[in-house]
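# Reading the structure
Next come the chains, spelled out residue by residue.
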Amino acid sequence: METEPDQASGFTGQDDNGDEEAEIGAKLTSGCFQHRVTVYGRHEVLEKAITALKNGVIDECHSIVITEFEDVISRLPKRCKRDLRQKAREEDVGLDLSKQGTITLKGFSTDVIKMHTEVSKVLQDRLKDEHKMDRAEMTSRNVQWCYLSVTGKQEPFVKMANYDIETAFQSKKSSVSFTHKNMQAEIIFDVKKVTFVKTGL
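Bear in mind the structure is a predicted one, so any value in this text is a computation, not a measurement. (Residues numbered from 1 in each chain as written. Predicted model: local features only at pLDDT ≥ 70, side-chain atom pairs only at ≥ 80, totals over all residues. Heavy atoms only, no water.)

Pairing of side chains with opposite charge becomes possible as their charged atoms draw close. The final tally for this structure, using the stated rule, is 7 salt bridges. Across the salt bridge formed by R141 and E137, the nearest N and O atoms sit 3.8 Å from each other. For E137, a relative accessible area of 29% puts it in the partly exposed group. The network of salt bridges with common partners includes K87, E91 and K114. (Salt bridge = Lys/Arg side-chain N within 4 Å of Asp/Glu carboxyl O. Buried < 20%, exposed > 50% of the residue type's maximum accessible area, 1.4 Å probe, protein only.)

Below is the structure:
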């Protein structure tokens with residue numbers, strides 16, 4: 001911990017007993033961010049006060065190392081990492097991605113626990129998406145759904161849309177909504193009709 005003696009006008013002088021008062025600014029590191037705390041008081045109690053503050057911060061700070069999603073963490077895209085860092089700043093939690101396949105959270109226990117829940121949800125969603133992409137890849141090798149464009153040409157649906165369509169068809173659903181090339185679409189199987197919401201095709 002670094003302390004910086006810093007006298008300020010109006011806060012430094014002598015009390016009625018002749019004891020000199022002083023102001024000391026201290027940078028307290030909570031394991032994630034530095035916070036500047038200014039303490040006013042007599043010289044003989046300032047060191048005890050600063051020590052008590054430091055120990056209090058240390059006692060309240062905790063860290064969690066997330067490793068159970070090592071493969072998913074290693075493949076996180078830059079945008080996802082940026083969003084996690086932004087969320088961590090909002091929660092006043094330190095988030096470290098420097099170690100391959102590991103996310104370390106540091107801060108006050110309640111903040112860290114809340115952020116851990118957020119990170120776990122993101123990683124679980126990413127894992128589900130990856131599994132779905134794997135299944136979509138396998139499906140596309142055996143089945144390919146297409147639609148007729150306005151020019152009468154058969155156009156294949158992208159792999160994820162193809163998977164959603166085939167899954168719904170095998171489940172004997174009457175219709176299915178999905179995304180194709182950033183367009184919302186719906187297929188009604190009985191009439192063999194596809195509608196693109198944004199374009200009206």
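Turning our eyes to something else, we now look at the packing of aromatic side chains. Summed over all chains, the structure comprises 6 aromatic pairs. Following the ring pairs from residue to residue traces out a cluster consisting of Y147, F157, F178 and F196. (Phe/Tyr/Trp six-rings, centres within 6.5 Å; stacked < 30°, edge-to-face > 60°.)

For the rest of this paragraph, the subject is helix α3 (residues 78–90). Taking 1.5 Å of rise per residue, 13 residues should cover 18 Å, and α3 covers 19 Å from first to last C-alpha, within 8% of that figure. Looking at the buried positions of α3, the neighbouring elements they touch are β6 (94–96), β7 (103–108) and α4 (109–140). D92, located one to two residues past α3, shows a positive phi value of around 60°. (Helix = DSSP H or I, 4+ residues; strand = E, 2+ residues; numbered from the N terminus. Expected span 1.5 Å × (residues − 1). Contact = heavy atoms within 4.5 Å.)

When the terminal C-alpha atoms of helix α5 (residues 159–170) are compared, their 16 Å separation across 12 residues agrees well with the 16 Å that a helix rising 1.5 Å per residue should span. Elements in contact with the buried residues of α5: α4, β10 (175–180) and β11 (183–188). Where α5 terminates, the next one or two residues include K172, which has phi positive at roughly 60°.

As for its position among the elements, E130 is in helix α4. The exposure class of E130 is buried, given its relative accessible area of 12%. Leave out the neighbours within four places in its chain, and E130 touches V72 and R75.

Spatially, 3 strands are ordered β5-β7-β6 in an open sheet, and the strand pairing comes out antiparallel. Two strands close off the open sheet at either side, each with one partner strand: β5 (61–66) and β6. When strand polarity is set aside, the average angle formed by the axes of neighbouring strands in this sheet is 15°. Pairing analysis gives 6 bridges linking β5 to β7, with the strands arranged antiparallel. Across the sheet, residue S63 finds its bridge partner in β7, namely K106. Of the strands in this sheet, β5, β6 and β7 touch α4, which is tilted by about 155° from β7. (Pairing = 2+ DSSP bridges. Axes fitted to C-alpha atoms, helices over the stretch in contact; angles between N-to-C directions.)

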